[in-house]
Amino acid sequence: MDLESQWVEGIRKGDSMAFKSVFDRYYIQLATFATEYVKSFDAGREVAQEVFIKIWASREKFCVTGTLKPYLYRAVYHQALNYIEKEQRRRQYEQQAAHESEISSQNTDDEIIANEIRIAIREAVRQLPPKRNLVFVLHRQHGLSIKEVATVLNVSPKTVENQMTEAMKFLRIKLNQK
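Residues numbered from 1 in each chain as written. Predicted model: local features only at pLDDT ≥ 70, side-chain atom pairs only at ≥ 80, totals over all residues. Heavy atoms only, no water.

(A) Structural context of the confidence of the model for the protein chain. Chain-level pLDDT for the protein chain is 83 on average; 89% of the residues reach the 70-or-more range. In the model of the protein chain, helix α5 (residues 109-126) stands out as the element of lowest mean pLDDT, 79, in contrast to helix α3 (residues 41-57), which has the highest, 94. Here residues 93-106 is a poorly scored stretch, pLDDT under 50, and it has 9 contacts once near neighbours within four places are set aside; other chains count. (pLDDT = per-residue confidence, 0-100. Helix = DSSP H or I, 4+ residues; strand = E, 2+ residues; numbered from the N terminus. Contact = heavy atoms within 4.5 Å.)

This is the structure in structure tokens:
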């Protein structure tokens, strides 16, 4: 039995150390992923924490088919969707204020250019359609394999490959315009 399977079994049996091991291993990654999806640091942390709370609350029924990492990403993805739906019901869509950090006058030209490139990439990625954005973020920024992304989003690996191809075409076009 591999380590992740032992953790899952331990959680099911109420082993708080197994739960802590999973939390310590995946929380930051999941909170970062959720933050990118819900566009709020605090909300992203809340989404990831809520997934772990639900796992612990229903630990006796905790069952993972496949591997643990895609399971957790899928749970965070669904929790993020729930969060977004609740926020949309609570208030109408707000304009997203892209608040970039100010560049101090001490920055060198290279740092300014590097920052502008990062901003341009971030803005271009934000312009991707939601599903394509999600595929790109999971694969390129979180390092999930094509197969893991497909598992998280419940689509075929070929769909993920097609979405990545289209995302890269779009980003090349957008970045060449700047």
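(B) Structural detail: the side chain of N133. Its place among the elements puts N133 in helix α6 (residues 130-141). With relative accessibility at 11%, the residue N133 sits in the buried group. (Buried < 20%, exposed > 50% of the residue type's maximum accessible area, 1.4 Å probe, protein only.)

(C) Expanded view of unusual backbone geometry. Residue K39 is not a glycine yet carries a positive backbone phi of 65°. Within the element layout of this structure, K39 appears in the loop between α2 (16-38) and α3. For K39, a relative accessible area of 42% corresponds to the partly exposed category. One non-glycine residue, N154, adopts positive backbone phi at about 60°. Along the chain, the position of N154 falls in the loop between α7 (146-153) and α8 (157-177). The class of N154 is exposed, set by a relative accessible area of 68%.

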